[in-house]
Amino acid sequence: MTLNRADAIHVAEVLSEALPYIRRFVGKTLVIKYGGNAMESEELKTGFARDIVLMKAVGINPVVVHGGGPQIADLLKRLNIESRFIEGMRVTDEQTMDVVEMVLGGQVNKDIVNLINSHGGSAIGLTGKDARLIRARKLKVTHQAADMQQPEIIDIGQVGEVASVNTELLNMLVQGDFIPVIAPIGVGPNGESYNINADLVAGKVAEALHAEKLMLLTNIAGLMDKEGNVLTGLNTAQVDELIADGTIYGGMLPKIRCALDAVQGGVNSAHIIDGRVPNAVLLEIFTDHGVGTLITDN
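What you see is a predicted model; the values in this text were computed from it and never measured. Counting restarts for each chain: residues are numbered from 1 in the order of the written sequence. Local features are withheld for residues below a pLDDT of 70 in this predicted model, meaning they are given only at 70 or higher, and side-chain atom pairs are given and counted only at 80 or more; totals for whole chains, interfaces and linings count all residues. Where side-chain values are given, they derive from all heavy atoms of the structure, hydrogens and water being excluded.

Engineer: Even after reading the chapter, I still don't get the nonpolar core, so can you show me in this structure?
Structural biologist: Soluble globular proteins: nonpolar side chains tend toward being buried together. The biggest cluster of nonpolar side chains holds 43 residues, and the ones touching the most others in it are V31, I182, V205, L214 and I256. When residues of this core are assigned to their parent elements, the largest contribution, 8 residues, is made by helix 8 (residues 252–264). Discounting residues that sit within four places of it in the chain, L214 has contacts with V31, A202, G203, A206, C258, A259, A262, V267, S269, A270 and H271. Membership of the second largest hydrophobic core comes to 41 residues, among which are I32, V64, V181 and L217. What is meant by a nonpolar core is a set of buried Ala, Val, Leu, Ile, Met, Phe, Trp, Tyr and Cys residues, joined one to another through side-chain atoms within 4.5 Å. Remark: exposure states derive from per-residue accessible area (1.4 Å probe, protein chains only) relative to the maximum for the residue type, with buried under 20%, exposed over 50%, and partly exposed in between. A run of H or I in DSSP counts as a helix once it spans at least four residues, and a run of E counts as a strand once it spans at least two, with each numbered from the N terminus. The contact rule is simple, with two residues in contact once any of their heavy atoms fall within 4.5 Å.

Structural data, given as structure tokens:
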């Protein structure tokens, strides 16, 4: 396809704007949590795969952590297994855990790997059980009712949190020019499987790898103020103020806390970006304006 003069000038401007960012991030590791709406549209899925391949081609090291909640819910429904949630987390008994492993470690993980590889990448699919990549412990959930003196500990089954990350394996893959694609399933001390929130896994992987950036793809434009304007360029103190005054609440709180933990744990910056925007990852990394909320520790 031949570009007209105006289009050619625009392409040159885009490349010129991207060049300083490419130079800045060459050799750096970026952890991207991929899920939600970005996984549902064929156009967005293709765009995401191309973004990841391009990042690797210019010398940046992407590590992908993916979710798969809608796909899990769909298969559970077809198998007539009830989905229950407590404090926003899926209750995961042994039967449900089998489905989680099947969907995340099999279907979703391999689909993402195949998509990246079909666009010229060298992706490798992993779960946290491979080489004990993600060592996990059982997540304790507490509930404090108004009429209770002591909080109640609720058992939600095989739901875990990250105890440690096998960085040796990930560094070996990254240095070998592979793109790790990680399903958020952890392994316990006795080999048991744990279902872990993908945002939390992405954050802990970013911390363990001392990543330059943690990028969380969402289905909203970013962190918004009470008037609906996207906020960006925030530090941790400003985010704490927004939590205290009620601007950040509900389902956004776990994602924000994940971002805060990451930057306080040594990640240079965390980004909450709109996965519904085509090429959202590249726009956030390589342009002056970006497409979401940037959080740093200072």
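That covers the picture; the talk isn't over yet.
Engineer: Is there a simple way to explain helix 2 (residues 42–57) in this structure?
Structural biologist: The length a helix should cover is 1.5 Å for every residue beyond the first. An ideal rise of 1.5 Å per residue puts 22 Å on 16 residues; helix 2 measures up with 23 Å between its terminal C-alpha atoms. Those residues of helix 2 that sit buried are L44, G47, F48, A49, D51, I52, V53, M55 and K56. Pairing of N or O atoms within 3.5 Å defines a polar contact, subject to two protein rules: one partner must be a possible hydrogen donor and the other a possible acceptor, and residues neighboring in sequence count only if both atoms are side-chain atoms. Where helix 2 starts, the residue carrying a side-chain oxygen 3.3 Å from the main-chain nitrogen of E43 turns out to be S41. Looking one or two places after helix 2, you find G59, whose phi comes out positive at around 100 degrees.

Engineer: I tried to follow the UniProt feature "site: Transition state stabilizer" (unreviewed entry) in the protein chain on my own but got confused; where do I start?
Structural biologist: UniProt positions are given in the numbering used here, feature names are shortened, and annotations may be inferred rather than shown by experiment. Under the present numbering, the feature "site: Transition state stabilizer" (unreviewed entry) in UniProt falls on K33 and K255. A stretch of 223 residues holds the annotated residues, and the largest C-alpha distance among them is 10.9 Å, short enough that they meet in one place. If you trace the backbone, K33 turns up in strand 1 (residues 29–34). Taking the relative accessible area as the measure of exposure, K33 reaches 10% and is therefore buried. Structurally, the position occupied by K255 is in helix 8. Relative accessible area serves as the criterion here: at 13%, K255 is assigned to the buried category.

Engineer: How should I be thinking about the UniProt feature "binding site: substrate" (unreviewed entry) in the protein chain in this particular structure?
Structural biologist: Look at the UniProt record and you will see "binding site: substrate" (unreviewed entry) annotated at G68, G69, R90 and N195. Annotated residues spanning 128 residues; largest pairwise C-alpha distance 12.2 Å, indicating a single compact cluster. Relative to the helices and strands, G68 is located in the loop between strand 2 (61–66) and helix 3 (69–78). With sequence-adjacent residues up to four places away left out, G68 is seen in contact with V103 and L104. Mapped onto the secondary structure, R90 falls in strand 4 (residues 89–90). With near-sequence residues (within four places) excluded, R90 lies in contact with G69, I72, A73, L76, S83, R84, F85, T96, I156 and V159.

Engineer: I'm lost on the pairing of strand 10 (residues 179–183) in this one. Help?
Structural biologist: As a general feature of sheets, a regular strand has side chains that alternate between the two faces. The element strand 10 is largely enclosed, with a buried count of 5 among its 5 residues. Every second residue of strand 10 is oriented toward a common face, with I179, V181 and A183 on one face and P180 and I182 on the other, all of them buried. Two strands are counted as paired when DSSP detects at least two bridges linking them. One ladder, built from 2 bridges, connects strand 2 with strand 10; its direction is parallel. Opposite V64, over in strand 10, you have V181 as the bridge partner. Taken together, the 5 bridges between strand 5 (residues 123–127) and strand 10 define a ladder with parallel strand orientation. By the bridge assignment, A123 is partnered in strand 10 with I179.

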